[in-house]
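Residues per chain are reported as follows:
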Amino acid sequence: MTGSSAVTRNASPPAPGAQPDESTSERRAAGAEMARVLRTEPFRMALDSSGAGIAHWKHDPLHDIVEPMSHHVIMAYNGVMQRMERRSGKSVAIGTFRPGVLIIIPEGSSSRWDIPKPVDVVQLYLPDATLKRVADEARTTGPADLLERTAHPDPITSRLLLSAADALEGNGALDALFRHQLTDLLATRLLAAHAGSPTAFQPTVGGLSPKVLLRAIERLRSDSDADVSLDALASDAGLSRFHFCRAFKESTGLSPHAWLRQHRLEQAMKMLRDSDEAVVSIAAALGYSSQTAFAAAFRKLTGETPSDWRRDKR
């Protein structure tokens, strides 16, 4: 799924490292600023209307200034090892791009980047409001301010972010649910490891009540046009997104996205086995953007194409 964001410009571009006046500046959404500075289209992108989301870029060497953006930008690198330089005002950071490291550009910051070789990178565009919401829902005890990071070792967060691009399946409901879950999870990790001071989280225990769990599952089992967003599921349960995800997994052993993915797979198998509907019609009925997207998602879970699976089961 692709998305785009409106582009706005600062009346006068700030110098690298400068912090613009919040009352007068207009910042680009992260996806728009990255498209400008990288001078290419993303390999894959999934954004919300706010411009928050995930983008996978493969771009040429970069020697330019990244202007202030309206999101925190977190990057995980997936290319060949190389040295890079980042200048923010009078500060110069030299790091090594390699798998397992993170780049963090806090909302509103600006810096010049010099990267000599082509880059393969997955980026998370995180609104500050989302970061603060997660901090509030998780009852953190520290400030929700992210540190600037340049090729900072964090293999766990890096792997999570890199896995995001491959998990997008061309199914609107599944992709949105996955993206929202992942955003909240990554926000939690960022608060714990990359905030201005160590952040402690209050433990959460216990699952959903049987009645609330049944209501959540009924919503997830609804047809492909139903609202199965994390916001809708959490609102039905009377919980925050943060606590709903943890309680749902405590009750079922699966995240909401994993549960819905398994349910859609079971629906697909039943339709393939018990009907003569064309694969393209089944793909559309289950909310996939195309037969190709459905076939790729089905094969990822079963090891077979839908047509091969149907033939083997008959």
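Residues numbered from 1 in each chain as written. Predicted model: local features only at pLDDT ≥ 70, side-chain atom pairs only at ≥ 80, totals over all residues. Heavy atoms only, no water.

Undergrad: Can you explain the sheet that holds strand β1 (residues 44-47)? Please cite residues and give values.
TA: Spatially, the 6 strands line up as an open sheet ordered β1-β2-β9-β4-β7-β10, and their pairing is antiparallel. The sheet is open, and its two borders are formed by β1 and β10 (149-153), each paired with just one other strand. Averaged over all neighbouring strand pairs, the angle between strand axes comes to 25 degrees, with direction disregarded. Both strand β2 (residues 53-59) and strand β9 (residues 119-126) contribute to a ladder of 7 bridges, which runs antiparallel. Bridged to G53 within β9 is Y125. (Pairing = 2+ DSSP bridges. Helix = DSSP H or I, 4+ residues; strand = E, 2+ residues; numbered from the N terminus. Axes fitted to C-alpha atoms, helices over the stretch in contact; angles between N-to-C directions.)

Undergrad: Tell me about the sheet that holds strand β8 (residues 111-115), residues and numbers included.
TA: Reading across from one edge, β3-β8-β5-β6 is the order of the 4 strands in this open sheet, with antiparallel pairing throughout. Since the sheet does not close on itself, it has two edges, and those belong to β3 (62-66) and β6 (91-97), each with one partner. Each strand of the sheet is rotated relative to its neighbour by a mean of 15 degrees, with strand direction disregarded.

Undergrad: Give me the pairing of strand β4 (residues 72-77): which residues, what numbers.
TA: Of all 6 residues that make up β4, 6 are buried, and the element is covered over most of its length. Residues H72, I74 and A76 of β4 are buried on one face, and the alternating residues V73, M75 and Y77, pointing to the opposite face, are buried as well. Taken together, the 6 bridges between β4 and β9 define a ladder with antiparallel strand orientation. When the bridges of β9 are listed, A76 appears paired with V122. Pairing geometry for β4 and strand β7 (residues 101-105), over 4 bridges, is antiparallel. In the strand pairing of β7, A76 is matched with L102. (Buried < 20%, exposed > 50% of the residue type's maximum accessible area, 1.4 Å probe, protein only.)

Undergrad: Explain the packing of aromatic side chains to me, and be specific about the residues and the numbers.
TA: Applying the stated criterion across every chain, the model contains 5 aromatic pairs. Aromatic side chains Y288 and F294 sit 5.3 Å apart centroid to centroid with 55 degrees between the ring planes, which places their arrangement in the tilted category. Across the pair, exposure class does not vary: Y288 and F294 are buried alike. Taking 5.9 Å as the distance between ring centres and 55 degrees as the angle between the ring planes, the aromatic pair formed by F294 and F298 counts as tilted. Pair noted here: F294 and F298 are both in helix α10 (residues 291-302), with a separation of 4 residues, about one helical turn. The exposure class assigned to F294 is buried, which follows from its relative accessible area of 2%. Chaining the aromatic ring pairs together yields one cluster made of Y288, F294, F298 and W309. Sitting over the face of the ring of F242, R246 holds its NZ or CZ atom 3.6 Å from the ring centroid. (Phe/Tyr/Trp six-rings, centres within 6.5 Å; stacked < 30°, edge-to-face > 60°. Lys NZ or Arg CZ within 6 Å of the ring centre and 35° of its normal.)

Undergrad: I'd like to hear about the nonpolar core, residue by residue, with values.
TA: Counting 33 residues, the largest nonpolar core has L208, L220, F244, F248, Y288, F294 and F298 as its most contacted members. Mapped by element, the contributors of at least two residues to this core are α4 (172-193), α5 (210-220), α6 (230-237), α7 (241-252), α8 (256-274), α9 (279-285) and α10. Discounting residues that sit within four places of it in the chain, L208 has contacts with L213, L239, F244, A247, F248 and S251. Of all hydrophobic cores here, the second largest spans 28 residues; its members include A46, V122, F178 and L186. (Core = buried A, V, L, I, M, F, W, Y, C linked by side-chain atoms within 4.5 Å. Contact = heavy atoms within 4.5 Å.)

Undergrad: An account of the packing of α8 against helix α11 (residues 306-313) is needed here, citing residue identities and associated values.
TA: Where α8 meets α11, the closest approach of the two axes is 9 Å, and the angle between their N-to-C directions is 55 degrees. Classified by the angle their axes make, α8 and α11 are oblique. Between α8 and α11 the crossing geometry is right-handed. Seen from α8, the contacting residues are M269, M271, L272 and R273; seen from α11, they are P306, W309 and R310. In terms of residue class, the contact of α8 with α11 is built from 5 nonpolar, no polar and 2 charged. (Parallel < 35°, antiparallel > 145°, perpendicular 65-115°, else oblique. Left-handed = near helix turned anticlockwise from the far one by under 90°. Nonpolar A, V, L, I, M, F, W, Y, C, P; charged D, E, K, R; others polar.)

Undergrad: Describe the pattern of salt bridges, naming the residues involved and giving the relevant values.
TA: Counted according to the given criterion, the structure contains 19 salt bridges. A salt bridge links R189 to D154; its shortest N-O distance comes to 3.8 Å. Here R189 is found in helix α4, whereas its partner D154 is found in the loop between β10 and α3 (155-167), with 35 residues between them in sequence. Three or more residues are tied together by salt bridges with common partners; here these are R133, E137, D184, D231 and R241. (Salt bridge = Lys/Arg side-chain N within 4 Å of Asp/Glu carboxyl O.)

Undergrad: Describe the confidence of the model for the chain, listing the residues and the values that go with them.
TA: Per-residue pLDDT for the chain averages 86, and the proportion of residues at 70 or more is 88%. Low pLDDT (under 50) marks residues 1-24, which in the prediction has 48 contacts with non-local residues, meaning those over four places away or in another chain. (pLDDT = per-residue confidence, 0-100.)

Undergrad: I'd love a proper account of the side chain of Q123, names of residues and values included.
TA: Considering the arrangement of structural elements, one finds Q123 in strand β9. In this structure Q123 comes out as buried when scored by relative accessible area, which is 1%. A distance of 3.1 Å separates the side chain of Q123 from the side chain of W57, its partner in a polar contact. Looking at Q123, its side chain comes within polar contact range of the side chain of Y125, at 2.5 Å. The contact partners of Q123, leaving out residues within four places of it in the chain, are M34, G53, I54, A55, W57, V73, I74, M75 and L161. (Polar contact = N/O pair within 3.5 Å; in protein donor to acceptor, adjacent residues only side chain to side chain.)

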